[in-house]
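# Fold and contact review
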Protein chains: 2
Amino acid sequence: MGVELSIPKAVFDRLPRYYRYLGDLLDQGVDRTSSYDLAERMSYSATLIRHDMSTLGDFGRLGYGYDVPFLHGKISEILGINRCHNIIIIGSGNLGHAIVNHSNFAQYGFAMKGMFDVSPKLIGRVFRGIEIQPLDRLEAFIRENDVQIAAVTISKDKADDLVDRLVDAGIKGIWNFSHLEVQVPDDVVVEDVHLSESLMRLLYRMDHRV
Amino acid sequence: MGVELSIPKAVFDRLPRYYRYLGDLLDQGVDRTSSYDLAERMSYSATLIRHDMSTLGDFGRLGYGYDVPFLHGKISEILGINRCHNIIIIGSGNLGHAIVNHSNFAQYGFAMKGMFDVSPKLIGRVFRGIEIQPLDRLEAFIRENDVQIAAVTISKDKADDLVDRLVDAGIKGIWNFSHLEVQVPDDVVVEDVHLSESLMRLLYRMDHRV
């Protein structure tokens, strides 16, 4: 990206959602939108939307609103999803398959390149064009396929040693479904997905109507 | 719960994580901990931990620290996971199976009671003791089994009508994996899980080292 913007975390957390709504507008052939129109669709306030957009640069024009393709492209650039990112999946259980199956990732520039497992009976199987490979192929595959991200879907006890191998092989982002508290060097990022925390949040909101 | 506490959202968002760490301590037979000890394990500051605990009540004692079983129980009460909650899963694809398979939910009081699908070839199959049922059994099953929560794992286009049926049948919490922007009455809560947003967050943090 040309200019390095400093975007507040709260704004950044909303960007994927803006990107999704702007994409829907594009699909519908809509080229122009306003903070009021977006506010209605997204259940955000128009004031919040204008604030968020102003932190990204000065995109709105008085009496015109926002140019949808431009803003969509700009957010895609900020999110880094205008480039391609290669991902491997560690673990070929239901969760691994659900990730490969996820229809939305390709549109965000994420390419699922390989799946790895220890189970001999799974190795060699092909799912959506992706072959399940043994773990001893891991390091070579990461290098040969320019893989930056690994989704770790295996259980906590098996994930521990594996994360070190991934980092040593050059992985810079770990998408962690394993419930392991992963320790990594400073130049590697871990994004944890805790489904049970999401379910607890739902329950708390049901109990407290928030 | 006896006393209704007003817990700031930021603190609440950390409670599942505290609960998990305190559970690990209990498993290790540790009865007493301190904000410093927790800080080291959790990569939070001791000050933040003391602040968070003080919003839950006055649990720490100077020179003693925190009573692990008591605090664990207290957080479980606040999160509502000391009670049992019945869940059904709509959609018996990989994601639905991954949810049923998820080993942690039972320990938080969540019981997976049923799975529903439209595909005739899947109906009647049993997975981890849960039979896949046709959608025309939905309303009766929800009533007969006191189900409060539905995990919606089907695609956006199919989910739309179904959410109305779930709400009409008495579901109060929708755990939404479908990418559908769900519209529900005020007494129903929707918790969205957007895996693509999590992946975009990982990417952004890799690009910006945050």
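Please refer to the structure higher up on the page.
Below is a short write-up of the structure. (Residues numbered from 1 in each chain as written. Chains lettered and ligands numbered in written order. Predicted model: local features only at pLDDT ≥ 70, side-chain atom pairs only at ≥ 80, totals over all residues. Heavy atoms only, no water.)

Turning to a negative patch on the surface, a few remarks are in order. All names here are of chain A. A cluster of like negative charges, contributed by Asp160, Asp161, Asp164 and Asp168, occupies part of the molecular surface. Turning to its location among the elements, Asp164 is positioned in helix H7 (residues 156-168). The class for Asp164 is partly exposed, based on a relative accessible area of 45%. (Patch = residues over 30% accessible without salt bridge, like charges linked within 9 Å, V, L, I, M, F, W, Y side chains within 5 Å. Areas by Shrake-Rupley, 256 points an atom, 1.4 Å probe, with all protein chains shown as cover. Salt bridge = Lys/Arg side-chain N within 4 Å of Asp/Glu carboxyl O. Lys, Arg positive; Asp, Glu negative; His and termini not counted. Charge placed at Lys NZ, Arg CZ, Asp CG, Glu CD. Helix = DSSP H or I, 4+ residues; strand = E, 2+ residues; numbered from the N terminus. Buried < 20%, exposed > 50% of the residue type's maximum accessible area, 1.4 Å probe, protein only.)

For the pair chain B and chain A, the superposition axis carries a translation of 0.0 Å, the fit reaches an RMSD of 0.0 Å, and the rotation angle comes to 180°. This pairing of chains is accounted for by a two-fold axis. In terms of proximity to the rotation axis, the leading residue of chain B is Asn94 of chain B, whose C-alpha is 2.4 Å off the axis. Interface overlap between copies is the fraction of interface residues in one copy that are interface residues in the other; for chain B against chain A it reaches 100%, indicating a shared surface. (Least-squares fit on C-alpha atoms with pLDDT ≥ 70 in both. Contact = heavy atoms within 4.5 Å.)

Our next topic: helix H2 (residues 35-42) of chain B. Residue and element names in this part refer to chain B. Within the span of H2, buried status applies to Ser35, Leu38, Ala39 and Met42. Projected onto a plane normal to the axis of H2, the buried residues spread over an arc of 105° and lie on a single side. Away from its buried face, by an angle of more than 90 degrees, H2 presents the exposed residues Tyr36 and Glu40. Note on H2: the residue one or two positions beyond its end, Ser43, has a positive phi of about 55°. (Arc of directions from axis to C-beta.)

This part takes up the pattern of salt bridges. In total, this model carries 26 salt bridges over all chains according to the counting rule given. Note that Arg201 of chain B is salt-bridged to Glu191 of chain A, the shortest N-O span being 3.1 Å. Taken together, the positions of Arg201 of chain B in helix H8 (residues 195-208) and Glu191 of chain A in strand S9 (residues 189-192) put the pair across two chains. The exposure class assigned to Glu191 of chain A is buried, which follows from its relative accessible area of 8%. We note a salt bridge from Asp13 of chain B to Lys9 of chain B, for which the minimum N-O separation is 2.6 Å. Of this pair, Asp13 of chain B and Lys9 of chain B both sit in helix H1 (residues 9-27), 4 residues apart, which is roughly one turn of the helix. Residue classification places Asp13 of chain B among the partly exposed positions, given a relative accessible area of 27%. Here Lys9 of chain B falls in the exposed class, since its relative accessible area comes to 59%. A cluster of three or more residues bridged by salt bridges with shared partners is formed by Arg17 and Arg20 of chain A together with Glu181 and Glu197 of chain B.

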